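Residue-level structure breakdown
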Amino acid sequence: MTTTAPPVRVPARPTTTAPVRRARRLGPGRPVRFGSAVGPLLLLAVWSAGSATGLIDPRILSAPWTVVTTTIDLVNDGRLPANLAVSAQRAFLGLAIGIAVGTVLALASGLSRLGEALIDGPIQIKRAIPSLALLPLLILWFGIGETMKVVTITLGVLVPVYIHTHNGLRTIDSRYVELAQTVGLSRWAFLRKVVLPGAFPGFLLGLRFAVVGAWLALVVVEQINATSGIGYMMELARTYGQTDIIVVGLVVYGILGLASDGAVRLVQRKALTWRRTLAD
């Protein structure tokens, strides 16, 4: 009679649960609500604190509440609305002409090697020359009237529009071009379905620089023999030592530039919903 030995029980190993590592989020993180207003509000808080404690001399920089009071006075007597209307007209006219000219030049240069040889060099030369350096020559050519001011703004606008639109054209994937040739697209269809959508992100980026450049050029031209506009109002205030009016003009320029850039960024987000970036 054979007996079988009882099975040997092997003690089970204690099960250990590996710690779960949370994936670390890369990138800038979630968008901050009203994030574009945080920086200006912080600057305003520092300015108010410095003025209230006396660290900022009102003769050097007027207090925010003084600027608000001066703004109300300028609006009530009509000086600020009248000068703002003149400045806006100059800026928008120069902006419209600069966008049109810069886009046409970018298309001619980006779609043709001959066009690039003829156009790109002069544009790069203008890019290296500040608009302020061209003012003496522009005054000799066009005088000190509105034409000189609009031309100066136009030159400040067309360069960023040209640069970024041209770059957008040159960075279109060559596979799309080959596909367009394979399916037999006409030149107009190629421009409409491949070229313009491919260059549009670059155009919008150039437009962001252009709208700010328009206001920067406006600041310069309105302080040279002008008889109206925000810059003229600031130059007149400098003559009489009215710091509060100068600050009002600076705040107006800053708000206009910030609002213009915000409008272009909004268009950028709406028009480029198909492209996911870190800004989303």
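This structure is a prediction, so every number in the text was calculated from the model and none was measured. (Residues numbered from 1 in each chain as written. Predicted model: local features only at pLDDT ≥ 70, side-chain atom pairs only at ≥ 80, totals over all residues. Heavy atoms only, no water.)

**Overview of the overall build of the protein chain**
Looking only at helices and strands, the protein chain features 10 helices and zero strands. The secondary structure elements of the protein chain, listed N-terminal to C-terminal, are α-α-α-α-α-α-α-α-α-α. In the protein chain, of all internal contacts separated by at least 6 residues, the share reaching a separation of at least 24 is 71%. Only carbon and sulfur atoms are counted for the fraction: they give 66% of the accessible area of the protein chain, which is about 18600 Å². (Helix = DSSP H or I, 4+ residues; strand = E, 2+ residues; numbered from the N terminus. Contact = heavy atoms within 4.5 Å. Areas by Shrake-Rupley, 256 points an atom, 1.4 Å probe, with all protein chains shown as cover.)

**Examining the packing of aromatic side chains**
Counting across every chain of the model gives three aromatic pairs. Arranged with centres 6.4 Å apart and planes meeting at 85°, the rings of tryptophan 141 and phenylalanine 142 form a pair that is edge-to-face. Relative accessible area serves as the criterion here: at 59%, tryptophan 141 is assigned to the exposed category. Phenylalanine 142 gets classed as partly exposed once you look at its relative accessible area, which sits at 36%. (Phe/Tyr/Trp six-rings, centres within 6.5 Å; stacked < 30°, edge-to-face > 60°. Buried < 20%, exposed > 50% of the residue type's maximum accessible area, 1.4 Å probe, protein only.)

**Some points on the UniProt feature "transmembrane region" (unreviewed entry) in the protein chain**
Cross-referencing UniProt, the feature "transmembrane region" (unreviewed entry) maps to residues 34-56, 91-115, 127-144, 150-169, 194-218 and 245-267 in the present numbering. With 78% helix and 0% strand, residues 127-144 has its two end C-alpha atoms placed 23 Å apart. As annotated, residues 194-218 has a helix share of 100% and a strand share of 0%, and its two end C-alpha atoms lie 36 Å apart. (UniProt positions renumbered as here; feature names shortened; annotations may be inferred.)

**Notes on the pattern of salt bridges**
Opposite charge on two side chains allows them to pair when their charged atoms are near. In this structure the tally under the stated criterion is eight salt bridges. The salt bridge involving glutamate 146 is made with arginine 90; its shortest N-O contact spans 2.7 Å. With glutamate 146 in helix 6 (residues 146-170) and arginine 90 in helix 3 (residues 79-110), this residue pair connects regions lying 56 residues apart in the sequence. Look at glutamate 146 and you get partly exposed, because its relative accessible area is 41%. Notably, a salt bridge pairs arginine 238 with glutamate 235, separated by 2.7 Å at the nearest N-O pair. (Salt bridge = Lys/Arg side-chain N within 4 Å of Asp/Glu carboxyl O.)

**Side note on the packing of helix 6 against helix 8 (residues 187-221)**
Running from N to C, helix 6 and helix 8 point in directions that differ by 155°, and their axes come no closer than 7 Å. Viewed along their axes, helix 6 and helix 8 adopt a mutual orientation that is roughly antiparallel. In this structure, helix 6 crosses over helix 8, and the sense of that crossing is right-handed. Broken down by class, the residue content of the contact of helix 6 with helix 8 amounts to 16 nonpolar, seven polar and one charged. (Axes fitted to C-alpha atoms, helices over the stretch in contact; angles between N-to-C directions. Parallel < 35°, antiparallel > 145°, perpendicular 65-115°, else oblique. Left-handed = near helix turned anticlockwise from the far one by under 90°. Nonpolar A, V, L, I, M, F, W, Y, C, P; charged D, E, K, R; others polar.)

**Brief notes about the environment of valine 211**
Note on placement: valine 211 falls in helix 8. Taking the C-alpha atoms as reference, valine 211 lies 6.7 Å from aspartate 261; in sequence the two are 50 residues apart. In contact with valine 211, other than residues within four places in its own chain, are Leu95, Ser260, Asp261 and Val264.

**Here we look at the environment of valine 161**
Assignment of secondary structure puts valine 161 in helix 6. Sequence separation between valine 161 and glycine 98 is 63 residues; the distance between their C-alpha atoms is 7.9 Å. Excluding its chain neighbours within four sequence positions, the residues that come into contact with valine 161 are Ile99, Gly102, Thr103, Phe203, Gly206 and Ala210.

**A closer look at the packing of helix 2 (residues 64-76) against helix 3**
Two elements in contact, helix 2 and helix 3, have axes separated by 4 Å at closest approach and are oriented at 80°. By the angle class used here, helix 2 and helix 3 are roughly perpendicular. Side by side, helix 2 and helix 3 meet where Thr71, Leu74 and Val75 of the first sit next to Arg79, Leu80 and Pro81 of the second. Looking at the contact of helix 2 with helix 3 residue by residue, the class counts come to four nonpolar, one polar and one charged.

**Quick word on the nonpolar core**
Membership of the largest hydrophobic core comes to 35 residues, with the highest contact counts inside it found for Leu95, Ile99, Val157, Leu207, Leu218 and Ile230. Of all the elements in the fold, those that place two or more residues in this core are helix 2, helix 3, helix 5 (131-142), helix 6, helix 8, helix 9 (230-239) and helix 10 (243-271). The leading source of residues in this core is helix 8, at 10 residues. Sequence-distant contacts of isoleucine 99, that is, excluding residues within four places in its chain, are made with Val157, Val161, Phe203 and Leu207. (Core = buried A, V, L, I, M, F, W, Y, C linked by side-chain atoms within 4.5 Å.)

**A closer look at the side chain of lysine 149**
Position of lysine 149 among the secondary structure elements: in helix 6. Glutamate 146 provides the closest opposite charge to the buried, unpaired lysine 149, separated from it by 4.8 Å. Sequence-distant contacts of lysine 149, that is, excluding residues within four places in its chain, are made with Arg90, Ile144, Val221, Ile224, Asn225 and Ala226. (Lys, Arg positive; Asp, Glu negative; His and termini not counted.)

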